[in-house]
Amino acid sequence: GMCTDHVMLLLREVKPCRFKKSDRRGGPGARGRDRVIGFPGICCKYCSSKNNFGRYFPVSAKNLTDNTANSLQAHMLSCGRCPESIKASLAYLMHRSSLQKAELSGSWKKSF
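Per chain, residues are indexed from 1 in the order of the written sequence. Local features are withheld for residues below a pLDDT of 70 in this predicted model, meaning they are given only at 70 or higher, and side-chain atom pairs are given and counted only at 80 or more; totals for whole chains, interfaces and linings count all residues. As a convention, hydrogens and water are excluded, and side-chain values are obtained from all of the structure's heavy atoms.

Concerning the overall build of the chain
A tally of helices and strands in the chain yields four helices and three strands. Counting from the N terminus, the helices are the DSSP runs of H or I reaching at least four residues and the strands are the DSSP runs of E reaching at least two. Starting at the N terminus and walking to the C terminus, you meet the elements of the chain as α-β-β-β-α-α-α. Relative accessibility under 20% of the residue-type maximum defines a buried residue, over 50% an exposed one, and the middle range a partly exposed one, all with a 1.4 Å probe and only protein chains included. Counting only residues that meet the buried cut, the chain has 38% of its 112 residues in that class. Taking contacts inside the chain between residues at least 6 apart in sequence as the whole, the part at least 24 apart equals 62%. Residue exposure ignores everything except the shown protein chains as possible cover, and the areas themselves are Shrake-Rupley values with a 1.4 Å probe. Of the roughly 6,900 Å² of accessible surface on the chain, a fraction of 56% belongs to carbon and sulfur atoms. Whether two residues touch is decided by their heavy atoms; if any such pair falls within 4.5 Å, the residues are in contact.

Okay, here's the thing in structure tokens:
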């Protein structure tokens, strides 16, 4: 494989979405949420239709692999609608991913 099992499971728990006006956030640190309407992103498949939580709009592949994956992990583990079995699998695979990363080439994030 070209990425860890953890990343594969994480990406199975999200779906594509588009930035909408209600995704805009004001206040300190909000500059990261100033995208054009319709900008592509990914969102939690369990709560995306219920609220604006669990919606991510990375601007680059590097941002997706470095920051968004961590944010998604944190969201999934705290999401009240995400099944406990998925949370347990994510926690296990997150731990196991450190071993998998050593087996994959150093450019596994880029390839993905």
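Overview of the packing of helix H2 (residues 61-78) against helix H3 (residues 84-103)
Geometry is summarised by axes, namely lines fitted to C-alpha atoms with helices restricted to the contacting stretch, and by angles between N-to-C directions that run from 0 to 180 degrees. Where H2 meets H3, the closest approach of the two axes is 9 Å, and the angle between their N-to-C directions is 140°. As H2 runs across H3, the sense of the crossing is left-handed. Mapping the contact onto sequence places Gln73, Met76, Leu77 and Ser78 in H2 and Lys87, Leu90, Ala91 and Met94 in H3. Grouping the constituent residues of the contact of H2 with H3 by class yields five nonpolar, two polar and one charged. Left-handed is the label given to a crossing in which the near helix is rotated counterclockwise from the far helix by less than a right angle, and right-handed is the label when the rotation is clockwise. Basically, the charged four are Asp, Glu, Lys and Arg, the nonpolar ten are Ala, Val, Leu, Ile, Met, Phe, Trp, Tyr, Cys and Pro, and anything else, Gly included, counts as polar.

Thoughts on the nonpolar core
By nonpolar core we mean a set of buried residues, namely Ala, Val, Leu, Ile, Met, Phe, Trp, Tyr and Cys, connected to one another through side-chain atoms within 4.5 Å. Membership of the largest hydrophobic core comes to 15 residues, with the highest contact counts inside it found for Leu10, Leu72, Met76 and Leu90. Within the residue set of this core, elements represented by two or more residues are helix H1 (5-12), strand S2 (40-44), H2 and H3. In this view, Leu90 contacts His6, Leu9, Leu10, Gln73, Met76 and Leu77; residues no more than four positions away in its chain are not counted.

Comments concerning the pairing of S2
Of all the five residues making up S2, four are buried; the element is thus mostly covered by neighbouring parts of the structure. Note on pairing: DSSP must find at least two bridges between two strands before they are called paired. The sheet contact formed by strand S1 (residues 14-18) and S2 spans five bridges and is antiparallel. Among the inter-strand pairings, Pro16 is bridged to a residue of S2, identified as Ile42. Relative to strand S3 (residues 55-56), S2 is paired through two bridges, and the arrangement is antiparallel. Within S3, the position partnered with Cys43 by the bridge is Arg55.

A few points about H1
His6, Val7, Leu9 and Leu10 are the residues of H1 that are buried. Burial along H1 is one-sided: seen end-on, the buried residues are contained in an arc of 165°. Within this analysis, the arc is defined by the directions that extend from the helix axis to the C-beta atoms.

Topic: the confidence of the model for the chain
Per residue, pLDDT captures the predictor's confidence, and it can take any value from 0 to 100. Averaged over the chain, the pLDDT score is 84; the fraction of residues at 70 or greater is 85%. Looking at the elements of the chain, mean pLDDT is at its lowest for helix H4 (residues 108-111), recorded as 52, and at its highest for S1, recorded as 95.

Comments concerning the pattern of salt bridges
Salt bridge criterion: a side-chain nitrogen from Lys or Arg within 4 Å of a carboxyl oxygen from Asp or Glu. A full pass over the atoms with the stated rule returns four salt bridges. Of the charged contacts in the structure, one is a salt bridge between Arg96 and Asp5, with a shortest N-O distance of 2.7 Å. Of this pair, Arg96 sits in helix H3 while Asp5 sits in helix H1; the two residues are 91 residues apart in sequence, bridging distant segments of the chain. Relative accessible area serves as the criterion here: at 31%, Asp5 is assigned to the partly exposed category.

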